[in-house]
Every structure is written in structure tokens, then in C-alpha cells.
Amino acid sequence: MELLFGYHPVLEALRAQRRRISGVYLGKGKGAVRRQAIAESARRAGVAVEWITGHQITAMVGHQRHQDVCAKVSPYPAVALETLLDDTAKSNCPAWLLLLDQVVDPQNLGAMARTAHCAGMQGIVIPKDRSAPPSAAASKASAGALEHMRVAYVTNLVDAMVRIKEKGMWVAGADRDGDHTIFEADLSGPLAVVIGGEEKGLRPLVRKHCDFIVSIPQTGPVGSLNASAAAAIIVYESFRQRLVALRHGA
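Sequence positions are assigned chain by chain, starting from 1 and proceeding in written order. Owing to the predicted nature of the model, reporting of local features is limited to residues with pLDDT of at least 70; listing and counting of side-chain atom pairs is limited to 80 or more, with chain, interface and lining totals taken over all residues. With hydrogens and water set aside, each side-chain value is computed from the structure's full complement of heavy atoms.

Trainee: Which residues make up the overall build of the protein, and what values go with them?
Mentor: Secondary structure elements are defined from DSSP: runs of H or I of at least 4 residues count as helices, runs of E of at least 2 residues count as strands, and each element is numbered from the N terminus. Of the regular secondary structure elements, the protein holds nine helices and 11 strands. Relative to its length of 250 residues, the protein is compact, with a C-alpha radius of gyration of 19 Å against a globular reference of 18 Å. Once the C-alpha set of the protein is aligned to its principal axes, its extents read approximately 55 × 45 × 35 Å. Burial status across the protein gives 49% buried among its 250 residues. Restricting to contacts in the protein with at least 6 residues of sequence separation, those with at least 24 account for 79%. When charges are tallied, Lys and Arg are placed among the positive residues and Asp and Glu among the negative ones, while His and the ends of the chain are skipped. Where a charge lies is defined by one atom per residue type: Lys uses NZ, Arg uses CZ, Asp uses CG and Glu uses CD. Seen as two clouds, the 29 positive and the 23 negative side-chain charges of the protein have centres 8 Å apart. Values of the radius of gyration come from C-alpha atoms, whereas the globule rule sets the reference at 2.2 Å times the count of residues to the power 0.38. Burial status follows relative accessibility: with a 1.4 Å probe on protein chains alone, a residue under 20% of its type maximum counts as buried, one over 50% as exposed, and anything between as partly exposed. Only heavy atoms matter for contacts: two residues are in contact if any of them lie within 4.5 Å across the pair.

See the structure below:
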């Protein structure tokens, strides 16, 4: 078991029902009325709730960024890549995945998971090595959205890209030196969007295996956008194009 902390991560873990939750711990005193929603959700799920002090929760999680809420939960329920691909093939919507090439900051992972969930992407693929895992910190950064997302770990991202393309999906990498801007490229069909790591962007071999590279038009002296900001812009341009295609096909 591990500790999940923060109001939204614990509430969304209860709602998602993807983890086994053995106990929920809520802070007494100020803000307890707001936390009552978590207590009620836990009781409906048959999960024990214990009201303790905020200092006790701090001692449990090791820091004060818990909002007087934590829970003992099973590890994040990652899925196999093949399972994720099989499930996307059964969807009524074109397959739509987010691939992260060595994104190491859990804050960025959480922000991207939140974007992916809000836009309706079907899953996230991350390498097992040199990548931020779907940790409690990442779930907190996602405001609990990570609890609803399906994440597949892969040993080799390039091999995963090859498998994804075999399933009929296009793979679009994100880089400031793209073949097309996001407004010129067709991002409406079955698609995997690849976002590079915070420091180096896409690795050369990963870039080589993309079907095309897209860029975000920019002005001004700043070199590039933050990885999670870039992901949000690209994902939502793809979302816009998919909505347009859906309306035209209706």
C-alpha cells in the first residue's frame, strides 16, 4: 500500500474505483465540512474513515501539502500496452493517445494527465526508465485526473511507437522545428502525440520514428514552451480538429 494525499486525488480515487483503498484519513477542525464529501464517498464504498489532526496527517505523508486528506491505497493500476491498444480499437472514437518521452517532473506528468483526461484522450504511454511515475505527487498535480487515466508502462518507447503504428494510428512528435505547425497538420484521426522531456525534447531515435513533427507557432525571445503547456496546446488543437471532423461526418 502507499499513501495518496490531497483533497481531489483521494476523492477521485474513490470515484474511479480503480485502486484498493484500505483507509481514509481526514483532518478535524477547519475545513472539515468540505472534507465531509470525501467521508461520504468513502462510506458508500465501504472504506473506513478516521478523523485525526492535521499534524498526524503531516507525520504520515512527510510534508504539509496534503490539505488534511490522505488515504492508504494500492499502487497505481497501470495497464499493458496491448490492453490499451485493444480497448482503443473498440472505441467509437478514433484512437487518441499521449506518449511521453522521458518526462521526469511529476508536476508535468500530472498537468499532462489532467489535460489528457479533460480532452478525452484514451491513455498515456510512458517508458519505465527515466520517467516520472504516476505517483501521489503526480496525482496531486493532476487534481485527481490521473486516477481516471489509463497509463501503460513500456520498456522501449520506440518499440511501442512501432506497435501503435501497426494498429493504424499516426504518430506526431512535438518539436519547435516541426514539419508543419499544429494549425497546418491533420490531427483529427487516429493519433498518438509524443511530447519530449523537459530538457532535451524528443530523443533522436524517437523523433525518427514519428510519422511527422508538429510545432507551435511562437513569437518573442523565449525559446520554447514548458512541456506541459506545449502538450495542452497540441492536445486541444487536436481536440478541436476532431470535433470539426465529427460534425462534418454527422
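There's more to say after this.
Trainee: Mind laying out unusual backbone geometry, listing which residues take part and the relevant values?
Mentor: Backbone geometry at glutamine 102 places phi at a positive 60 degrees, although glycine is not the residue there. Within the secondary structure, glutamine 102 is located in the loop between β5 (96-101) and α5 (106-119).

Trainee: Can you break down the sheet that holds strand β4 (residues 69-73) residue by residue, with the values?
Mentor: Taking strand neighbours across the sheet as the criterion, the four strands line up as β1-β4-β2-β3 in an open arrangement whose pairing is mixed. Among the strands making up the open sheet, the edge pair consists of β1 (2-5) and β3 (49-52). Averaged over neighbouring strand pairs, the angle between their axes works out to 25 degrees when direction is ignored. Pairing between strand β2 (residues 21-27) and β3: four bridges, direction parallel. Bridge pairing links valine 24 to valine 49 in β3. Seen against the sheet, helix α3 (residues 54-61) touches β1, β2, β3 and β4 and runs at an angle of roughly 45 degrees to β4. Paired strands, as defined in this entry, are two strands with at least two bridges between them according to DSSP. Only the stretch in contact is used when a helix axis is fitted, and all axes are lines through C-alpha atoms; the angle between N-to-C directions ranges over 0 to 180 degrees.

Trainee: Explain helix α7 (residues 157-166) to me, using residue names and the numbers behind them.
Mentor: Within the span of α7, buried status applies to Leu157, Val158, Ala160, Met161 and Ile164. For α7, the buried positions fall inside an angular range of 155 degrees around the axis, keeping them on one side. Structural note: α7 exposes Asp159 and Glu166 on the side pointing more than 90 degrees away from its buried face. The term polar contact refers here to a pair of N or O atoms within 3.5 Å; inside protein, the definition further demands a hydrogen-donor-capable atom paired with an acceptor-capable atom, and it admits residues adjacent in sequence only when both atoms are side-chain atoms. Here α7 starts with a cap whose side-chain oxygen sits 2.9 Å from the backbone nitrogen of valine 158, and that cap is asparagine 156. For this quantity, the arc is that covered by the directions from the helix axis to the C-beta atoms.

Trainee: Describe the packing of aromatic side chains, with residues and values.
Mentor: Aromatic rings in a pair are described by how distant their centres are and how their planes are angled relative to each other. Here a Phe, Tyr or Trp ring, Trp counted by its six-membered ring, pairs with any other such ring whose centre lies within 6.5 Å, and the pair is stacked when the planes are under 30 degrees apart, edge-to-face when over 60, and tilted otherwise. Summed over all chains, the structure comprises two aromatic pairs. Between the NZ or CZ atom of arginine 34 and the centre of the ring of tyrosine 7, over which it lies, the distance is 3.7 Å. Here, a charge over a ring means that NZ of Lys or CZ of Arg falls within 6 Å of the ring centre while also lying within 35 degrees of the ring normal.

Trainee: With reference to specific residues and values, describe the packing of helix α1 (residues 7-16) against helix α2 (residues 32-44).
Mentor: Here α1 crosses α2 at 25 degrees, and the two axes come no closer than 9 Å. Taken together, the axes of α1 and α2 are roughly parallel relative to one another. As α1 packs across α2, the resulting crossing turns out to be left-handed. Of α2, the residues touching α1 (which contributes Tyr7, His8, Val10, Leu11 and Leu14) are Arg34, Arg35, Ala37, Ile38, Ser41 and Ala42. Every angle not falling under 35 degrees, over 145, or within 65 to 115 is termed oblique; those three ranges are roughly parallel, roughly antiparallel and roughly perpendicular. Here a crossing is called left-handed whenever its near helix is offset anticlockwise from the far helix by less than a right angle, and right-handed whenever the offset is clockwise.

Trainee: Please set out the packing of helix α4 (residues 81-90) against α7 residue by residue, giving values where relevant.
Mentor: One can describe the packing of α4 onto α7 by two numbers: an axis separation of 11 Å at closest approach and a directional angle of 25 degrees. Between α4 and α7, the angle falls in the class roughly parallel. Classified by chirality, the crossing of α7 by α4 is right-handed. Together, Leu81, Glu82 and Leu85 of α4 and Ala160, Arg163 and Ile164 of α7 make up the contact between the two elements. Residues that form the contact of α4 with α7 fall into these classes: four nonpolar, no polar and two charged. Amino acid classes used here: Ala, Val, Leu, Ile, Met, Phe, Trp, Tyr, Cys and Pro are nonpolar; Asp, Glu, Lys and Arg are charged; the rest, including Gly, are polar.

Trainee: Outline the pattern of salt bridges, listing residues and values.
Mentor: Salt bridge, as used here: a side-chain nitrogen of Lys or Arg that lies within 4 Å of a carboxyl oxygen of Asp or Glu. Within the structure shown, the criterion is met by 12 salt bridges. For aspartate 68, the salt bridge goes to arginine 35, with nearest N and O atoms at 3.8 Å. Remark: arginine 35 occurs in helix α2 and aspartate 68 occurs in the loop between α3 and β4; sequence separation between them is 33 residues. Overall, aspartate 68 belongs to the buried group, its relative accessible area being 19%. Several salt bridges share partner residues, and in doing so they unite Glu2, Arg19 and Glu147 into one network.

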